[in-house]
Structure formats: C-alpha cells, structure tokens
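# Structural features, examined
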Amino acid sequence: MAEYKVGFGYDIHRLVANRKLILGGVQIPYSKGLFGHSDADVLIHAICDAILGAIGKPDIGELFPNTDKRYKNIASSKLLEIVVKLMKKCGFSLVNLDTVIIAEVPKISRFKDLMKNKIVGILNIKKDNINIKASTNEGISQIGSGKAIAAYAVVLLVK
C-alpha cells in the first residue's frame, strides 16, 4: 500500500538594491532583488521546506545555514537538487506541487511558465503536476508596500 505525505513551505525575503531578482530559478528583470545568504529565491525555498517537511527533515535554515560559506550566493535551484536527492533517498517521489508567490512588484505572471519549466526539470515531474500562482498583498504590510516578496508551497509525496 502506498504511503502519502503532505508538506507545506513558506518563505519571505526583503527586496534590496544591487541584487538580481531570482524567482523559481528564473532571473526577473527588476531594479531590486531579494536579500539573503543564497540567491534568496523565496519560491524555491518554500518548495524545499515543503518537501523537507513531508519527509520529516529539518528546514533549509538548518540544512543550509547562513553561517556556512559554501552556501553564500548559491543558486537556490542547487539547494532544491540536494533536497530532491534526499527525498528520493527516503524513498519518496513527488506527486504534485502547488505554489503561490505574493508580490506587489514586479508583476511576474509572464514569467510563471519559465519558472514552471525550470522547476519541472529539477523535480523530474510532468508539467501538469505543478502549479505556480501569483497574488498581491493588496497594499498591506511590507509585501504590499513593495518591500518584500513571499511564497507558499504545498507538496504531495508518495512512497
């Protein structure tokens, strides 16, 4: 009998000058980028944490600490590759992934398909089994004032 696990992930980072904006492994043209030890890709970080949660492992902050120089400016897609290997080592595969990016600026709808292609390649799943949605925060909070971007992710894994 198959064993199923659900995982949930969340991440948020501030927008700052002099950084590239990377979301879903894709560089988005914008005047600011996300501040963090790695490339600060909130979407990939949320996906990593969702997978890690489903397999009962520590979050990405513990696995890839910001005190470790090996992860300084690393592409978050590389972190996701490591998480996927860990997931497979635990005997699981990904059934589907549902995500949402919360950003007032920039508008990212035209980049969603590129993000999906990048993530599908890392996860090795069918494109129909992944969804990337975008929403705003309706002008509320740091996200709503254009000072931060957040992302949520939910995964279903099967053993």
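Up top you'll find the structure we're talking about.
The structure contained in this document is the topic of the report that follows. (Residues numbered from 1 in each chain as written. Predicted model: local features only at pLDDT ≥ 70, side-chain atom pairs only at ≥ 80, totals over all residues. Heavy atoms only, no water.)

### Quick notes on the sheet that holds strand β5 (residues 93-102)
Taken together, the five strands give an open sheet; going across it, the order is β4-β1-β7-β5-β6, and neighbouring strands pair in mixed fashion. The sheet is open, and its two edges are formed by β4 (32-34) and β6 (130-135), each paired on a single side. On average, each strand axis in the sheet is tilted by 20° relative to the strand beside it, whichever way the strands run. Where strand β1 (residues 4-17) lies against strand β7 (residues 148-158), 11 bridges are found, and the strand directions are antiparallel. Along β7, the bridge assignment pairs F8 with V154. Each of β1, β4, β5, β6 and β7 is contacted by helix α1 (residues 42-54), which is oriented at about 155° to β1, the strand it contacts most. (Pairing = 2+ DSSP bridges. Helix = DSSP H or I, 4+ residues; strand = E, 2+ residues; numbered from the N terminus. Axes fitted to C-alpha atoms, helices over the stretch in contact; angles between N-to-C directions. Contact = heavy atoms within 4.5 Å.)

### Some words on the pattern of salt bridges
This model, assessed by the stated rule, comprises four salt bridges. Between K127 and D113 there is a salt bridge whose closest N-O contact spans 2.9 Å. Of the two residues, K127 is situated in the loop between α4 (112-123) and β6 and D113 in helix α4; the sequence distance between them amounts to 14 residues. (Salt bridge = Lys/Arg side-chain N within 4 Å of Asp/Glu carboxyl O.)

### Considerations on the side chain of D68
Checked against the element boundaries, D68 lands in the loop between α2 (60-63) and α3 (76-89). Of note is the side chain of D68, whose polar atom sits 2.6 Å from the side chain of R70. (Polar contact = N/O pair within 3.5 Å; in protein donor to acceptor, adjacent residues only side chain to side chain.)

### Considerations on the pairing of β6
Side-chain direction in a regular strand flips from residue to residue, so the side chains alternate between the two faces of the sheet. Bridging between β5 and β6 involves six bridges; their strand directions are parallel. Bridge pairing in β6 places D98 opposite N131. Once the chain exits β5 it traverses α4 before rejoining the sheet at β6, and the crossover so formed is right-handed. (Right-handed = clockwise from strand over helix to strand, strands pointing away.)

### A closer look at the packing of α3 against α4
In contact at an axis separation of 9 Å, α3 and α4 are set at 35° when each is read in the N-to-C sense. As for the relative orientation of α3 and α4, their crossing is right-handed in sense. Here S77, L80, E81 and V84 of α3 come into contact with α4, specifically with K118, I122 and L123. Considering only residue class, the contact of α3 with α4 consists of four nonpolar, one polar and two charged. (Left-handed = near helix turned anticlockwise from the far one by under 90°. Nonpolar A, V, L, I, M, F, W, Y, C, P; charged D, E, K, R; others polar.)

### Comments concerning the packing of aromatic side chains
A complete count under the given rule lists three aromatic pairs for this structure. When the centroid spacing of 6.0 Å and the interplanar angle of 35° are considered together, the rings of F8 and Y152 count as tilted. Separated by 144 residues along the polypeptide, F8 in strand β1 and Y152 in strand β7 bring together distant segments of the chain. Classification of Y152 as partly exposed rests on a relative accessible area of 33%. Feature note: the residues F8, Y10 and Y152 constitute an aromatic cluster, connected by ring pairs. (Phe/Tyr/Trp six-rings, centres within 6.5 Å; stacked < 30°, edge-to-face > 60°. Buried < 20%, exposed > 50% of the residue type's maximum accessible area, 1.4 Å probe, protein only.)

### Section: the environment of I47
Tracing the chain through its elements places I47 in helix α1. Look at I47 and you get buried, because its relative accessible area is 0%. Along the primary structure I47 and G25 are separated by 22 residues, whereas in three dimensions their C-alpha atoms are 12 Å apart. Residues in contact with I47, not counting those within four places in the same chain, are L80, L97, T99, I119 and A153.

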